[in-house]
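A look at the structure
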Amino acid sequence: MAYPPSTPKPAGAMADDANRARDRATAGLVRLLVALTFVTGIVDAVSILRLGHVFVANMTGNLVFLGFALAGASGFSVLASLTAVAAFVVGAAVGARLPTLAPTQMLGRMVAIEAGLCAGATVVAATSGGAGARYAMTVLLALAMGGQNATVRKLAIPDMTTTVLTLTLTGLAADAPDLRTPGSHTRRRTVAVFAMLGGAVLGALVVLHGSTAWALAAATTVLAAVALGAWRLAHPPGPAVRR
C-alpha cells in the first residue's frame, strides 16, 4: 500500500520496510561471499599447482601437509607450510582488529585490501621466478585469505565461510532440504560448493594451459568486482525526487 508523502507510515509498515531492506542486504552479501568462495578455488589451485604443495586458504590442509613434511614425505616442505600458516594468521589478526563497520563497508574494505595483495602476487608471478617468488606469492596470498576469513567470521552469514566447505557438505547431507524456504540453506550451500569447484577448475585450467599470472589476474578482477559491489551495497541510490 502506498502512503501520501505527508502521511506517516504505520509502525507495522515501517517494520516491514526495515525487514525487506535487511533481507535485500543479506542477499547482496551472500552473492558477494559466493564470489569470494569462487576466488578461493582459483587461489588454492594456484598455490597447490605452482607454489609447492601448499594451501594459502585452507589451513586444515596445510597442517596436514606440514605433518607429511615433518614425516619426511617427498614433495612437501616444512618451511612452505609454516610460511603459509604464519602469513594467514597475521592476515587474520589484522583483519579481526580493523574497526568494525556496517557489514557491507567491512567487506568492501577488506576485499579492496585483498585485491591489492592479490594484484601484488600477480606482479610477482609475471616478473619473477624461483623459490623467492614462490614464497613472496605465498605470503601475499595467505595474508589476503587470512584477512578474508577474519572478516567473513565477523559477518557471520550462515553457511558462507568462503574457504572451508566441510561443514557446508555436512549440512547438505545432514539437514532436510529447504528449497522452498526464503533464504534456503540448501540452495546457499549448494551454490557455495559449486562456486569453489568452479574456481578450482578455472584456476587449474588457466595455470596449466596459460600462466600463474593470468590465474591470479582473474582472481584480482573478481575481487575488484566484489569490492565495487560491496561499495554499491553500502551506498544505495536514494529515492527519486519528484518535481
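Residues numbered from 1 in each chain as written. Predicted model: local features only at pLDDT ≥ 70, side-chain atom pairs only at ≥ 80, totals over all residues. Heavy atoms only, no water.

**Some details on the nonpolar core**
To keep it simple, the criterion reads: Grouping buried Ala, Val, Leu, Ile, Met, Phe, Trp, Tyr and Cys residues that are joined through side-chain atoms within 4.5 Å yields what is termed a nonpolar core. We call a residue buried when its accessible area falls under 20% of the maximum for its residue type, exposed when it is over 50%, and partly exposed in between, using a 1.4 Å probe and counting protein chains only. Only DSSP runs of H or I with at least four residues qualify as helices, and only runs of E with at least two residues qualify as strands; both kinds are numbered from the N terminus onward. The contact criterion used throughout is that any non-hydrogen atoms of two residues lie within 4.5 Å.
Counting 47 residues, the largest nonpolar core has L33, L107 and L141 as the members making the most contacts within it. Listing elements by their share of this core, those giving two or more residues are α1 (11-50), α3 (78-97), α4 (103-127), α5 (130-155), α7 (185-209) and α8 (212-234). In terms of residues, this core owes the most to one element, α1, which gives 10 residues. Those residues in contact with L33 that lie beyond four places of it in its chain are L107, V152, L155, I157, M160 and T162.

**Section: the packing of aromatic side chains**
This is how the line gets drawn: Stacked, tilted and edge-to-face are the three classes applied to pairs of Phe, Tyr and Trp rings, where Trp contributes its six-membered ring and a pair requires centres within 6.5 Å; stacked means planes under 30 degrees apart, edge-to-face means over 60, and tilted covers the rest.
Using the criterion set out here, one finds 4 aromatic pairs in the structure. With a centroid separation of 5.1 Å and 50 degrees between ring planes, the pair formed by F65 and F76 is classed as tilted. Of the two residues, F65 is situated in helix α2 (residues 59-70) and F76 in the loop between α2 and α3; the sequence distance between them amounts to 11 residues. For F65, a relative accessible area of 14% gives the class buried. Aromatic ring contacts, followed pair by pair, group F55, F65, F68 and F76 into a single cluster.

**Topic: the side chain of S47**
Tracing the chain through its elements places S47 in helix α1. Here S47 is in contact with G52, H53, V54, F55 and V56, once residues within four sequence places are set aside.

**Regarding α5**
An α-helical turn contains 3.6 residues, so a residue and the one three or four places further along point in the same direction. What counts here: Take the residue count of a helix, subtract one, and multiply by 1.5 Å to get its expected span.
Here α5 is 26 residues long and its end C-alpha atoms lie 38 Å apart, about the 38 Å a rise of 1.5 Å per residue gives. Residue A156 follows α5 closely and has a positive phi angle near 55 degrees.

**Re the pattern of salt bridges**
We apply this condition: The working definition used for a salt bridge is a side-chain nitrogen of Lys or Arg within 4 Å of a carboxyl oxygen of Asp or Glu.
Counting across every chain of the model gives 2 salt bridges. Between D175 and R189 there is a salt bridge, and its shortest N-O distance comes to 3.1 Å. Separated by 14 residues along the polypeptide, D175 in the loop between α6 (166-174) and α7 and R189 in helix α7 bring together distant segments of the chain. Given a relative accessible area of 39%, D175 falls into the partly exposed group.

**Quick notes on the packing of α4 against α8**
How we decide: For every element, the axis is a line fit to its C-alpha atoms; helices are fit only across the contacting stretch, and the angle between N-to-C directions ranges from 0 to 180 degrees. Relative orientations are named as follows: roughly parallel for angles under 35 degrees, roughly antiparallel for angles over 145 degrees, roughly perpendicular for angles from 65 to 115 degrees, and oblique for any other angle. For a crossing to be left-handed, the near helix must be turned anticlockwise from the far one by less than a right angle; the clockwise case is right-handed. Following the grouping adopted for this structure description, the nonpolar residues are Ala, Val, Leu, Ile, Met, Phe, Trp, Tyr, Cys and Pro, the charged ones are Asp, Glu, Lys and Arg, and the polar ones are all others, Gly among them.
In contact at an axis separation of 8 Å, α4 and α8 are set at 165 degrees when each is read in the N-to-C sense. The angle between the axes of α4 and α8 places the two elements in the roughly antiparallel class. Seen from above, α4 lies across α8 with left-handed handedness. Along the lines of polarity and charge, the residues of the contact of α4 with α8 split into 20 nonpolar, 6 polar and 1 charged.

Any functional reading would require information that these geometric values do not contain.
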